[in-house]
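Read off the chains here:
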Amino acid sequence: MKPTPWERLLLNSHGSSTPLDATGSQLYKQWEDRLKKSPSLPQKFLREYRMLQELVNTIGNGPLKLWSLRESWEMVFTTKCGESTPCGTCRDCSIRIAQAAIVIFAAQGVADENILPHLGAVFRSPRYSPLGIEEWVMLPIAEVATVLNHCSMQGQNALYIHDFLAEIAKNGVPRTLEDCLTFYGMLKKSACLFLGVVFHQTFGIPVDRHLSAAFVNCGWVHPKCVRKSDATILSYMVELWLPVEETSNINNVVAGIRQLYQNSKYTDKVASVASRLGPAYSILLSKLTKDLGSVQP
């Protein structure tokens, strides 16, 4: 029996956790051994990360009052569980879980400044603001695709969202990284973001192209890792030295600085703040952004 078009789409586009191949495992082990033999290296990397934290905080809290859109994810959502540890079952959680799934699938391959304001407005509209998991599942997939009109592959992502929400409406909300990775279209980055947004849990670094490039540029990974697309192995290597409580923050700090710097309206301002903090900050900013080339208007 031939698969339906929907089944073919899932089979061809299935995203799962990417296990390290033989080469990746070897590089990971080499990097782990090197960090153990040279404890000054993890200290140096962490010191550089703290400098970037200081830079992004100075940009945001200083006269510029400028924060990356990476900091704006929370402002997109309209509800939050009343419990200190989100229960995952109340009405507020249902609305937040549905919104989180939509944002995470829709934001893949789209600039934050394009998708976040759009979805923030959608979630506050009378039509969509009261909808939880079950209500979103009942919507026609074509309508969900229309909601995603600012994202790429809106038809495919609408199918992913429907499948994800329908499954958790039936079997419950995934609460572990392994459970999240069983869903079509859900890779490590998406799973880490979902669990962080919904349950405030940290399971690893949600790596994207900005973070991958930053890790390579700064030398925080094995020197043979030059392909910025190898997100899984790059995240594992950084997780060897980054404190676990920072794994959910590094996206806002490192990728956030890169996004601001890449915007021509802010390039000089970011560079000026780094210069005022000291030469070491300017050098680190230069390393962090060296692959960006010409900035975007």
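Structural data are supplied above this passage.
Engineer: With reference to specific residues and values, describe the overall build of the protein.
Structural biologist: Counting its secondary structure elements, the protein contains 16 helices and zero strands. The proportion of buried residues among the 297 residues of the protein is 49%. When contacts within the protein are restricted to residue pairs at least 6 apart in sequence, those whose partners lie at least 24 apart make up 67%. With an accessible surface of roughly 14,300 Å², the protein has 55% of that area assigned to carbon and sulfur atoms.

Engineer: Let's hear about the side chain of Gln 53: which residues, and what values?
Structural biologist: Its place among the elements puts Gln 53 in helix H3 (residues 40-61). A relative accessible area of 16% places Gln 53 in the buried class. Other than its neighbours up to four places away in sequence, Gln 53 contacts Glu 246 and Val 253.

Engineer: Describe the environment of Ser 235, with residues and values.
Structural biologist: Within the secondary structure, Ser 235 sits in helix H13 (residues 231-239). Ser 235 sits 46 residues away from Lys 189 along the chain, and the two C-alpha atoms are 9.6 Å apart.

Engineer: Break down the packing of aromatic side chains for me, citing the residues and quoting the values.
Structural biologist: In the structure shown here, the tally under the stated rule is nine aromatic pairs. With 5.2 Å between their ring centres and 10° between their planes, Tyr 128 and Trp 136 make a pair best called stacked. There is no split in this pair, since Tyr 128 and Trp 136 are both buried. Ring centres 5.2 Å apart and planes at 85° place the aromatic pair Phe 164 and Phe 194 in the edge-to-face group.

Engineer: So what about the pattern of salt bridges? Which residues, and what values?
Structural biologist: Side chains that differ in sign of charge can pair as their charged atoms come close. Under the defined criterion, the tally for this structure stands at eight salt bridges. Taking the shortest distance from any N to any O, the salt bridge between Asp 33 and Lys 29 comes out at 3.0 Å. You can see Asp 33 and its partner Lys 29 sitting in helix H2 (residues 22-37), four residues apart, about one turn around the helix. Linking Glu 32 and Lys 36 is a salt bridge whose minimum nitrogen-to-oxygen distance equals 4.0 Å.

Engineer: Go over the nonpolar core with me, naming the residues and quoting the values.
Structural biologist: Judged by nonpolar contacts, the single largest core of 51 residues is most densely connected at Leu 119, Trp 136, Phe 164, Leu 165 and Phe 194. Looking at this core, the elements with two or more residues in it are helix H4 (73-76), helix H5 (91-106), helix H6 (112-123), helix H7 (133-138), helix H8 (141-147), helix H9 (154-171), helix H10 (177-180) and helix H11 (188-199). Here the element with the most residues in this core is H5; it accounts for ten residues. Leaving out residues up to four positions away in the same chain, Trp 136 has contacts with Ala 98, Ile 102, Phe 123, Tyr 128, Leu 131, Val 144, Val 147 and Leu 165. The next biggest cluster of nonpolar side chains, apart from the first, holds 41 residues, and it includes Trp 31, Leu 55, Cys 218 and Trp 220.

Engineer: Break down the packing of H5 against H9 for me, citing the residues and quoting the values.
Structural biologist: Orientation of H5 relative to H9, taken along the N-to-C sense of each, is 150°, at an axis distance of 10 Å. Taken together, H5 and H9 sit at an angle that is classed as roughly antiparallel. Considering only the axes of H5 and H9, their crossing is right-handed. In this structure, H5 uses Ile 97, Ala 98, Ala 101, Ile 102, Phe 105 and Ala 106 to contact H9, whose residues at the interface are Asn 157, Tyr 160, Ile 161, Phe 164, Leu 165 and Ile 168. Along the lines of polarity and charge, the residues of the contact of H5 with H9 split into eleven nonpolar, one polar and no charged.

What counts, and where the lines are drawn
Here the residue numbers are simple positions, counted from 1 along each chain's written sequence. Owing to the predicted nature of the model, reporting of local features is limited to residues with pLDDT of at least 70; listing and counting of side-chain atom pairs is limited to 80 or more, with chain, interface and lining totals taken over all residues. Heavy atoms throughout the structure, all of them, feed into the side-chain values; hydrogens and water do not. Helix and strand labels come from DSSP, where a helix needs a run of H or I of at least four residues and a strand needs a run of E of at least two; each type is numbered from the N terminus. The classification of residues rests on relative accessible area computed with a 1.4 Å probe and restricted to protein chains. Under 20% of the type maximum is buried, over 50% is exposed, and intermediate values are partly exposed. Contact between two residues is taken to exist if any of their heavy atoms lie within 4.5 Å; hydrogens are not considered. All accessibility values rest on the Shrake-Rupley procedure with a 1.4 Å probe; residue burial counts only the protein chains present in the view. For Phe, Tyr and Trp, where Trp contributes only its six-membered ring, two rings pair if their centres lie within 6.5 Å, and the inter-plane angle classes them as stacked under 30 degrees, edge-to-face over 60, or tilted in between. Put simply, a salt bridge is a Lys or Arg side-chain nitrogen that is within 4 Å of an Asp or Glu carboxyl oxygen. By convention a nonpolar core is built from buried Ala, Val, Leu, Ile, Met, Phe, Trp, Tyr and Cys residues, the set being connected through side-chain atoms within 4.5 Å. With axes taken as lines fitted to C-alpha atoms, and helix axes fitted only over the stretch in contact, angles between N-to-C directions fall between 0 and 180 degrees. In what follows, roughly perpendicular refers to angles from 65 to 115 degrees, roughly parallel to angles under 35, roughly antiparallel to angles over 145, and oblique to any angle outside these ranges. Crossing handedness is defined as follows: a turn of the near helix away from the far one that is anticlockwise and smaller than a right angle gives a left-handed crossing, while the clockwise case is right-handed. Here the term charged refers only to Asp, Glu, Lys and Arg, the term nonpolar to Ala, Val, Leu, Ile, Met, Phe, Trp, Tyr, Cys and Pro, and the term polar to all other amino acids, Gly among them.

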